[in-house]
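Understanding the architecture of this molecule
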Amino acid sequence: MATFLYKAGRLAFRRRHFVALLWVALLTLAGVGAASAPPAGSTSFSIPGTEAQKAFDLLEQRFPGMSADGATARVVFKAPSGEKMTDHDNKAAVEQTVEELRSGSEVASVADPYAGHAVSRNGTIAYASVKYKVSGMELKDASKAALKEAAQHARDAGLTVEVGGDALAATPETGSSEVIGIGIAAVVLVITFGSLLAAGFPLLTALIGVGIGVSTITALASALDLGSTTSTLASMIGLAVGIDYALFIVSRYRAELAEGREREDAAGRAVGTAGSAVVFAGLTVVIALVGLSVVNIPMLTKMGIAAAGTVAIAVLIALTMIPALLGYAGRRIKPAGEKSKLLGGGRTPKKPGRPNMGTRWASFVVRRPVAVLLLGVLGLGAAAIPAASLELGLPDDGAQPTSTTQRRAYDLLSEGFGPGFNGPLMVVVDAKDSAHPKKAFTEVGNEIKGLKDVVTVTPAVPNKAGDTATITVVPKSKPSSKTTEDLVHAIRDKGAGIAEKTGSKVLVTGSTAMNIDVSQKLNDALLPYLALVVGLAFLLLIVVFRSVLVPLKAALGFLLSVLAALGAVVAVFQWGWLSGLMNVEQTGPVMSMMPIFMVGVVFGLAMDYEVFLVTRMREAFVHGEKPSQAVVTGFKHGARVVTAAAVIMIAVFSGFIGSSEAMVKMIGFGLAIAVFFDAFIVRMAIVPAVLALLGKRAWWLPKWLDRALPNVDVEGEGLRTESPAGGKDADPDEERELVRA
């Protein structure tokens, strides 16, 4: 592989015009596709195989005019202090609002609070339910404006009015912190390279890669049913790895220049060595992201595949466009150790020949491996303790900031009708095979009334055929509580007995039941997913390092990182530690998909640092150095760059903590803290300590396995036989003309 990539790097260096035009053309094509594509429709959230999804599908068949996937809104009214909603003036204002809402062209139905008994017992709070013909994503701006205007008219009449539901769902915003993250990445690159030009290359290529990836996602959003979160996460991961991959190749190029190689040959060798590590690091990330499909949740699968595609683009750009840009830059890119004149180049170092920080740190770890290992493991273990209290759930309006009308509507409904009113359960009774459907409907309702934690059970509402009915159940407890989850299981257990008696099927659905089923499905899929991803990556790393113990150490270190990161997420988002600093207004259960998504992404990123750092050690060991000295050599050449890469990735992920979307905020924080733990504790401390303790045994591989494995030559051993012919530097005048072009 190293030889092939070496030739590809030299070719891109020589044919830089063609390579640059190719990527610009792809960016333009993706941009045109995104601009001309139809707007994305509703993002369906289906959970194949779950009872809640089966009930939802049954409703689509048996209640065709129900618009089960249509947007909903709850307009909640509260009377002024000392008054009631049944007072003449207040009732007139509500009825006028209801009539105004019914006039909308996309409105399917509006339930009058007084006709539907939607007034609280104390008479101070009422609500009107609005059902739309289209989903929230498809709802026109005019319909949203009419909803807001109708609510405002009721406010003008003296009522307190708030609107809940998904009709007013807003597109998530990342805020200015994302730009700050990119700015920090730029500063780190300038410090690392000592050159504005060299620092600009990783940023430029990463932005081009993310631009192509996100534009392609936007262009295909309508056809493939992709949501806004998909492109946000793809840009988050693509930007981070894109900068890092380019950083490693540019850094290796400057190291090759420092060894006296000509520029084209240096570009080829940088792509052949660091580029090989980039390919395998990218493969581990892609495996981890594509592996999310085993969970069998379409939304999660699409998110993973979209992000994996963006990572693949980042790898290809790093391997081709970086050497092309290096060709344009010519002598403006200095060898390692030299800075540009603008940043202090040409000055005599104060202490020439002094070992760099990476060398000094690695030497310290090699001398005291046991102490460093114990300190690292105990520190991560302490950070992981909160993970034992992990509670999973999916956010509803109760997780919104208190400044939003959705959250205030949620609180008003809890105040007037009880906390369980915000998460009603819909029981679907399929009596198609029953001899007495009406009797079955009544019996189901009576059985549910006898259960604990039930406030209200509405009469069964049958369809036109009379073979299926829906029953609404309002629990006492809030939607995300363990008590409500137990009630869902209790109804399903009762349904099994009813099916034997009456021949009818009882299914529980609704947003609350769907959330419970999602959490259970994700929990059940976590271990198989972990086994698949870690297993495939383990085999890949055996091929890369030609060792059994190094990949095993990498996998165990990853588990420490992800458990510690989950502990930090629980501490902040569930327990509320530092919640003000993170702008977390509402603590609660951690989102159900967070653990499995973090496992996938963090594993891929953790293997990035493992590959980049340990391949340098492997390279030194293969070239004859002792195991302990190879560890020091690996840090001498790789620690500074890995540190810069980690800081950049942390900065990029931290930028998404400012998002208004709770899921994006949580994932941004989780990935940032996970990269910190993995890069600075696992890879920088635990890894060298373990390798120092193992010595030569770290690189042991059974002879039969050594013969069976392909030789991918990540260390670039084959490049020693490559002739640098044709690698002469271009004439300076020619280079200036190329730069002007």
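Here we summarise the structure given alongside this text. (Residues numbered from 1 in each chain as written. Predicted model: local features only at pLDDT ≥ 70, side-chain atom pairs only at ≥ 80, totals over all residues. Heavy atoms only, no water.)

1. Considerations on the overall build of the protein
Per the secondary structure count, the protein includes 22 helices and 11 strands. Among the 741 residues that make up the protein, the fraction classed as buried is 54%. Restricting to contacts in the protein with at least 6 residues of sequence separation, those with at least 24 account for 81%. (Helix = DSSP H or I, 4+ residues; strand = E, 2+ residues; numbered from the N terminus. Buried < 20%, exposed > 50% of the residue type's maximum accessible area, 1.4 Å probe, protein only. Contact = heavy atoms within 4.5 Å.)

2. Comments concerning the pairing of strand S1 (residues 72-78)
The sheet contact formed by S1 and strand S3 (residues 125-132) spans seven bridges and is antiparallel. Its bridge partner lying in S3, Val76 is registered against Tyr127. Pairing of S1 with strand S4 (residues 160-164) involves five bridges; the strand directions are antiparallel. Pairing of Val75 across the sheet is with Val163, part of S4. (Pairing = 2+ DSSP bridges.)

3. So, the side chain of Arg62
Secondary-structure assignment places Arg62 in helix H3 (residues 51-62). One polar contact links Arg62 to Asp430, side chain to side chain, over a distance of 2.9 Å. Beyond its immediate chain neighbours, meaning those up to four positions away, Arg62 contacts Asp430, Lys432, Asn463, Asp467 and Thr468. (Polar contact = N/O pair within 3.5 Å; in protein donor to acceptor, adjacent residues only side chain to side chain.)

4. Observations concerning the environment of Phe538
Mapped onto the elements, Phe538 comes out in helix H16 (residues 511-545). Among the residues examined, Phe538 registers a relative accessible area of 22% and is labelled partly exposed. Residues Phe538 and Val548, spaced 10 residues apart in sequence, show a C-alpha to C-alpha distance of 8.7 Å. In contact with Phe538, other than residues within four places in its own chain, are Val548, Pro551 and Leu552.

5. So, the nonpolar core
In this structure, Tyr245 and Leu300 are the most contacted members of the largest nonpolar core, which totals 165 residues. If you tally residues by element for this core, the top one is helix H10 (residues 298-329), at 18 residues. Excluding residues within four positions of it along the chain, Tyr245 makes contact with Val278, Ala281, Gly282, Val285, Val311, Ala314, Val315, Ala318, Asp608 and Phe612. In terms of nonpolar packing, the next biggest core, distinct from the first, is built from 27 residues, Val130, Tyr132, Leu139 and Val161 among them. (Core = buried A, V, L, I, M, F, W, Y, C linked by side-chain atoms within 4.5 Å.)

6. A look at helix H11 (residues 357-367)
The α-helix winds at 3.6 residues per turn, so residues separated by three or four positions along the chain end up facing the same way. Along H11, the residues that are buried comprise Gly358, Thr359, Ala362 and Val365. Within H11, the buried residues cover an arc of 130° as seen down the axis, which keeps them to one side. Residues Met357 and Arg367 are exposed on H11 and point more than 90 degrees away from its buried face. Considering only its buried residues, H11 is in contact with helix H12 (369-384), helix H19 (627-654) and helix H20 (662-694). (Arc of directions from axis to C-beta.)

7. Side note on a nonpolar patch on the surface
Together, Phe18, Leu22, Leu26 and Leu29 make up a nonpolar patch on the protein surface, roughly 410 Å² of accessible area in all. Relative to the helices and strands, Leu22 is located in helix H2 (residues 16-36). Relative accessible area serves as the criterion here: at 40%, Leu22 is assigned to the partly exposed category. (Patch = residues over 30% accessible without salt bridge, like charges linked within 9 Å, V, L, I, M, F, W, Y side chains within 5 Å. Areas by Shrake-Rupley, 256 points an atom, 1.4 Å probe, with all protein chains shown as cover. Salt bridge = Lys/Arg side-chain N within 4 Å of Asp/Glu carboxyl O.)

8. Looking at the side chain of Ser215
Within the secondary structure, Ser215 is located in helix H7 (residues 196-224). The residues contacting Ser215, other than those within four sequence positions of it, are Ala30, Gly31, Ala34 and Val210.

9. Some remarks on the packing of aromatic side chains
One pass over the full model with this rule turns up nine aromatic pairs. A centroid spacing of 5.1 Å and a plane angle of 65° characterise the contact between Tyr127 and Phe421, whose relative ring orientation is edge-to-face. In this pair, Tyr127 is assigned in strand S3 and Phe421 in the loop between helix H13 (405-417) and strand S6 (425-430), connecting sequence segments 294 residues apart. Side by side, Tyr127 and Phe421 carry an identical accessibility label, which is buried. Taken together, the ring pairs connect Tyr127, Phe417 and Phe421 into an aromatic cluster. (Phe/Tyr/Trp six-rings, centres within 6.5 Å; stacked < 30°, edge-to-face > 60°.)

10. Some details on the packing of helix H9 (residues 263-290) against H10
Packed helices, taken two at a time, are described by the angle between their axes plus the distance between the axes. Viewed as axis vectors pointing N to C, H9 and H10 meet at an angle of 180°, and their least axial separation amounts to 9 Å. On the basis of their axis angle, the class for H9 and H10 is roughly antiparallel. Judged by residue contacts, Ala267, Val271, Gly275, Val278, Val279, Gly282, Val285, Val286, Leu289 and Val290 of H9 engage Gly304, Ile305, Ala307, Ala308, Val311, Val315, Leu319 and Pro323 from H10. For the contact of H9 with H10, the residue count by class is 15 nonpolar, three polar and no charged. (Axes fitted to C-alpha atoms, helices over the stretch in contact; angles between N-to-C directions. Parallel < 35°, antiparallel > 145°, perpendicular 65-115°, else oblique. Nonpolar A, V, L, I, M, F, W, Y, C, P; charged D, E, K, R; others polar.)

11. With respect to helix H17 (residues 549-574)
With 26 residues, H17 should cover 38 Å at 1.5 Å per step; its first-to-last C-alpha distance of 37 Å lies within 8% of that length. Remark: Gly576 follows H17 within two positions and exhibits a positive phi of approximately 95°. (Expected span 1.5 Å × (residues − 1).)

12. Comments concerning the packing of helix H14 (residues 437-449) against helix H15 (residues 482-502)
At a minimum axis distance of 11 Å, the contact between H14 and H15 shows a crossing angle of 150°. Handedness of the crossing formed by H14 with H15: right-handed. Residues Ala440, Glu443, Val444, Glu447 and Ile448 of H14 form the contact with H15, whose participating residues are Ile491, Lys494, Ile498, Lys501 and Thr502. Of the residues contributing to the contact of H14 with H15, the split by class is five nonpolar, one polar and four charged. (Left-handed = near helix turned anticlockwise from the far one by under 90°.)

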